[in-house]
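Each chain is listed here by its residues.
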Amino acid sequence: MRKSIIPIAIAFLLAAPADRSIAQESGSVRFLANYVPPSGGPYTAGCWGWTDSVSGREYALLGNYTGTSIVEITDVGNIVERDFIPGATSQWREIMTWGHYAYVVSEGGGGTQIIDLSYLPDSAHLVRSFIYTSGVKSTNRGHTVHTRDGYLYLNGCAQWSPGGVLIFDLADPENPLFTGEYARNYIHDCFVRNDTIFAAAIYGIGVDIIDVTDKYAPQYLYTIAYSGAGTHNTATTTDGRYVLSTDEINSTPKTLKIWDLSSPPVFPKVAEYVGSPTAIVHNVFVKETLAIMSYYTAGIRVVDISDPENPVELGGYDTRPADESASYTGAWSVYPYFPSGKIIIGDMGDGMFVVDMNTAAPRMPSGVTVYSDYATPAAVSLSWTDPALTVGGDTLTTLVVRVYRDGTFLASVPGGAQAYADSGLTLHQQYSYALTAVSGGDSSTPVTRTVYAGGAAQPAKPSPFRAVDLAEGVRLEWTNPSTQADGTPLNDLDAIEVYRDGVLLAMIPAGSPDTGLAASYNDTTVGYHRYRIRARDNETPAYYSSFTDSLLGYGGLLSSYSEDFETGGTGLLKTGTWDTTRALAVSGSGSMTDSP
């Protein structure tokens with residue numbers, strides 16, 4: 001259990017017990033420290049870092065609930081809060097640096113705080129709270145901030161409609177000079193490479209690409225649009241060939257997406273990384289060939305993008321191991337650019353975590369497959385390709401691959417074997433396997449796969465299924481399944497069940513020779529009815545596929561008559577007590593006013 005937080009006016013370190021930190025580590029990411037600043041407290045939103053170029057001292061800048069904690073992490077065994085700069089109370093606080101200045105924005109107001117870090121480790125000085133106004137517009141409340149090449153970019157300013165990107169020259173770092181704005185869409189966050197902005201247009205738009213060669217006149221170029229976009233932030237690979245985006249909201253999967261920029265205006269999605277089946281990705285940062293992500297309840301994830309079209313997870317650290325929900329809590333942001341290799345994580349409840357990468361750890365096994373079907377009802381075959389390199393890119397000299405089933409260790413397979421057979425299993429039971437590469441005392445991130453021994457119990461459903469309306473009834477047509485629900489071969493098909501209006505209508509015999517063949521059934525009943533079908537196997541007890549979609553048939557009702565009274569014509573007259581707004585109701589404006 002974590003130690004209690006004691007509210008005293010000195011810095012203190014909350015180091016997790018060894019078993020807790022190890023349980024939260026995965027792959028090549030190593031836990032170093034957990035720290036709650038005494039002034040800032042345990043809530044951390046955005047975070048950034050700064051390294052004194054003269055002394056080499058490293059500082060974490062933590063956006064807390066009531067201000068910014070400035071914490072020295074040079075020695076992770078002696079972490080110290082060097083200063084605290086109060087700010088507007090807010091759940092949102094984002095920070096970036098330019099030179100020895102930090103620029104802090106908040107949705108709580110107060111403008112952009114400009115903090116001089118050059119006095120550290122003694123103290124930090126709040127130079128001013130900068131607010132730029134133009135008429136009724138103001139930068140009093142900013143959502144995110146970005147700095148690049150001597151310019152400051154403010155995103156999503158709530159009092160500057162529509163909340164696009166505002167650009168300021170930092171030639172005088174203490175007095176930003178407004179140059180121009182991008183106002184096509186609301187922009188949640190942005191990343192600038194050379195003279196191009198990659199803007200996260202979070203509300204269903206995607207990634208806006210903007211030319212800012214002229215900082216006084218930004219020019220819209222393209223949008224990387226995709227269904228249900230909730231683009232939260234962006235970053236490019238170091239060569240600028242790809243842009244990475246994260247999605248926090250809307251209907252798109254909450255994942256890291258990688259887009260190829262080489263052939264505008266077409267930007268194909270070439271890869272998608274799912275760091276957690278449930279948690280939501282938040283921010284991504286690129287450092288050389290690594291993509292480092294904050295992933296809310298899943299903590300931090302580190303991915304090798306040396307081949308951006310085939311990202312490979314290297315490891316992670318889960319700041320909330322007991323919570324894998326799809327909620328907006330946990331790891332808000334990360335900063336991975338310290339020269340020492342340290343990475344800080346800002347957690348929305350547990351303060352700051354410090355981790356690093358074990359570059360001696362092996363990379364993960366690749367091409368992992370696990371397979372079983374009816375021919376091997378009690379066995380599973382596993383195969384993979386051994387990693388050849390460490391996380392740091394060195395050649396592995398020793399290697400074993402450890403195999404686990406449902407968390408239980410099974411075997412250590414020597415390097416080069418690249419296969420394992422597991423037996424003594426129960427037919428149709430699902431098993432989860434994990435493979436970890438080990439070299440010396442260092443381990444890779446586990447690769448997990450699930451499989452049913454002997455294949456899944458249920459057949460796949462018949463597909464495609466359609467209803468053809470005839471004068472004498474309805475003909476139902478389908479193709480018998482050829483696989484189980486998990487895609488393994490089906491060898492025990494027994495029948496197709498036909499349901500009409502939710503009641504079993506017919507049982508169509510179908511043996512193993514009929515798998516994958518087209519089939520049909522005629523229902524001679526006249527009228528409107530709903531139909532659906534499912535497959536059954538010959539096991540005892542029998543297993544059933546899921547139902548097909550329900551289809552409406554209306555056999556024997558192929559002749560019909562309809563009257564659209566809106567078209568009127570010369571035959572519709574007012575009669576009886578009905579009335580119209582004119583003698584002939586020939587349009588909507590002449591429709592009946594008191595028709596029963």
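Residues numbered from 1 in each chain as written. Predicted model: local features only at pLDDT ≥ 70, side-chain atom pairs only at ≥ 80, totals over all residues. Heavy atoms only, no water.

Describing the nonpolar core
Alright, step 1. Among the nonpolar cores identified, the biggest contains 58 residues, and Ile 70, Leu 117, Ile 300, Ile 344 and Met 352 are the most heavily contacted of them.
Alright, step 2. Excluding its chain neighbours within four sequence positions, the residues that come into contact with Leu 117 are Trp 50, Leu 61, Ile 70, Thr 97, His 100, Ala 102 and Ala 124.
Alright, step 3. Counting residues in each nonpolar core, the second largest holds 18 residues, with Phe 191, Leu 256, Ile 258 and Ile 305 among its members. (Core = buried A, V, L, I, M, F, W, Y, C linked by side-chain atoms within 4.5 Å. Buried < 20%, exposed > 50% of the residue type's maximum accessible area, 1.4 Å probe, protein only. Contact = heavy atoms within 4.5 Å.)

Quick word on unusual backbone geometry
Alright, step 1. Residue Pro 121 follows Leu 120 across a cis peptide bond; omega there is 10 degrees.
Alright, step 2. In this structure, Pro 121 sits in the loop between strand 9 (112-116) and strand 10 (125-130).
Alright, step 3. The step from Ser 463 to Pro 464 runs through a cis peptide bond, and the omega angle for that step is -5 degrees.
Alright, step 4. The phi torsion at His 428 lies on the positive side, around 70 degrees, for a residue other than glycine.
Alright, step 5. Its location among the elements puts His 428 in the loop between strand 36 (419-422) and strand 37 (430-439).
Alright, step 6. A residue is classified by how much of its surface remains accessible, and His 428, at 13% relative accessible area, is buried. (Helix = DSSP H or I, 4+ residues; strand = E, 2+ residues; numbered from the N terminus.)

Some thoughts on the environment of Ser 26
Alright, step 1. Mapped onto the elements, Ser 26 comes out in strand 1 (residues 25-27).
Alright, step 2. Between the C-alpha atoms of Ser 26 and Ser 444, which are 418 residues apart in sequence, the distance is 7.5 Å.
Alright, step 3. Contacts of Ser 26, omitting those with residues within four sequence positions, involve Glu 313, Leu 314, Gly 315, Gly 316 and Thr 445.

A word on the sheet that holds strand 5 (residues 67-72)
Alright, step 1. One open sheet holds the four strands; their spatial order is 3-4-5-6, and the pairing between them is antiparallel. Each edge of the open sheet is held by one strand with a lone partner, namely strand 3 (44-51) and strand 6 (80-86). Taking the axes of each pair of neighbouring strands and ignoring which way they run, one obtains an average angle of 20 degrees across the sheet.
Alright, step 2. Across five bridges, the pairing between strand 4 (residues 58-64) and strand 5 is antiparallel. Note that in strand 5 the partner of Leu 61 across the bridge is Ile 70. (Pairing = 2+ DSSP bridges. Axes fitted to C-alpha atoms, helices over the stretch in contact; angles between N-to-C directions.)

Comments concerning the sheet that holds strand 36
Alright, step 1. Taken in spatial order, the three strands line up as 32-33-36 in an open sheet, and their pairing is antiparallel. The sheet is open, and its two edges are formed by strand 32 (366-371) and strand 36, each paired on a single side. In this sheet, adjacent strand axes meet at a mean angle of 10 degrees when their direction is disregarded.
Alright, step 2. Across four bridges, the pairing between strand 33 (residues 380-385) and strand 36 is antiparallel. The residue bridging Ser 383 from the neighbouring strand is Ala 419, located in strand 36.

A word on the environment of Gly 556
Alright, step 1. Here Gly 556 shows up in the segment after strand 46 (551-555).
Alright, step 2. Owing to a relative accessible area of 30%, Gly 556 belongs among the partly exposed residues under this scheme.
Alright, step 3. Here the alpha-carbon distance between Gly 556 and Val 474, two residues 82 residues apart in the chain, equals 8.0 Å.
Alright, step 4. Apart from the residues within four sequence positions on either side, Gly 556 is in contact with Leu 470, Ala 471, Gly 473 and Val 526.

Quick notes on the packing of aromatic side chains
Alright, step 1. Going through the model one piece at a time under the given rule, you end up with 23 aromatic pairs.
Alright, step 2. Between Tyr 273 and Tyr 295, the ring centres sit 6.5 Å apart and the planes meet at 85 degrees, which makes this aromatic pair edge-to-face. Pair noted here: Tyr 273 is in strand 24 (residues 269-273) and Tyr 295 is in the loop between strand 26 (290-294) and strand 27 (300-304), with a separation of 22 residues, a long-range link.
Alright, step 3. For Tyr 273, a relative accessible area of 7% translates into the label buried.
Alright, step 4. Ring centres of Tyr 335 and Tyr 337 lie 5.4 Å apart, and the angle between their planes is 80 degrees; on these two criteria the pair is classed as edge-to-face.
Alright, step 5. Residue Tyr 335 is classed as buried on the basis of its relative accessible area of 8%.
Alright, step 6. Classification of Tyr 337 as partly exposed rests on a relative accessible area of 30%.
Alright, step 7. The ring of Tyr 220 is capped by Arg 184, whose NZ or CZ atom sits 3.7 Å from the centre of that ring.
Alright, step 8. Lying across the ring of Tyr 151, Lys 215 places its NZ or CZ 4.8 Å from the centre. (Phe/Tyr/Trp six-rings, centres within 6.5 Å; stacked < 30°, edge-to-face > 60°. Lys NZ or Arg CZ within 6 Å of the ring centre and 35° of its normal.)

Here we look at the side chain of Thr 179
Alright, step 1. Assignment of secondary structure puts Thr 179 in strand 16 (residues 177-182).
Alright, step 2. For Thr 179, a relative accessible area of 6% gives the class buried.
Alright, step 3. There is a polar contact of 3.1 Å between the side chain of Thr 179 and the backbone oxygen of Lys 215.
Alright, step 4. Filtering out sequence-adjacent residues up to four positions away, Thr 179 remains in contact with Tyr 151, Ile 167, Phe 168, Asp 169, Lys 215 and Tyr 216. (Polar contact = N/O pair within 3.5 Å; in protein donor to acceptor, adjacent residues only side chain to side chain.)

Looking at a nonpolar patch on the surface
Alright, step 1. Where nonpolar side chains cluster on the molecular surface, the patch consists of Val 526, Tyr 528, Leu 552, Tyr 554 and Leu 557 and spans about 460 Å² of accessible area.
Alright, step 2. Residue placement: Tyr 528 occurs in strand 45 (residues 527-537). (Patch = residues over 30% accessible without salt bridge, like charges linked within 9 Å, V, L, I, M, F, W, Y side chains within 5 Å. Areas by Shrake-Rupley, 256 points an atom, 1.4 Å probe, with all protein chains shown as cover. Salt bridge = Lys/Arg side-chain N within 4 Å of Asp/Glu carboxyl O.)

Observations regarding the pattern of salt bridges
Alright, step 1. Inspection of the entire model under this criterion finds 19 salt bridges.
Alright, step 2. Across the pair Glu 72 and Arg 82 runs a salt bridge whose closest N-O atoms are separated by 2.9 Å. Separated by ten residues along the polypeptide, Glu 72 in strand 5 and Arg 82 in strand 6 bring together distant segments of the chain.
Alright, step 3. With relative accessibility at 7%, the residue Glu 72 sits in the buried group.

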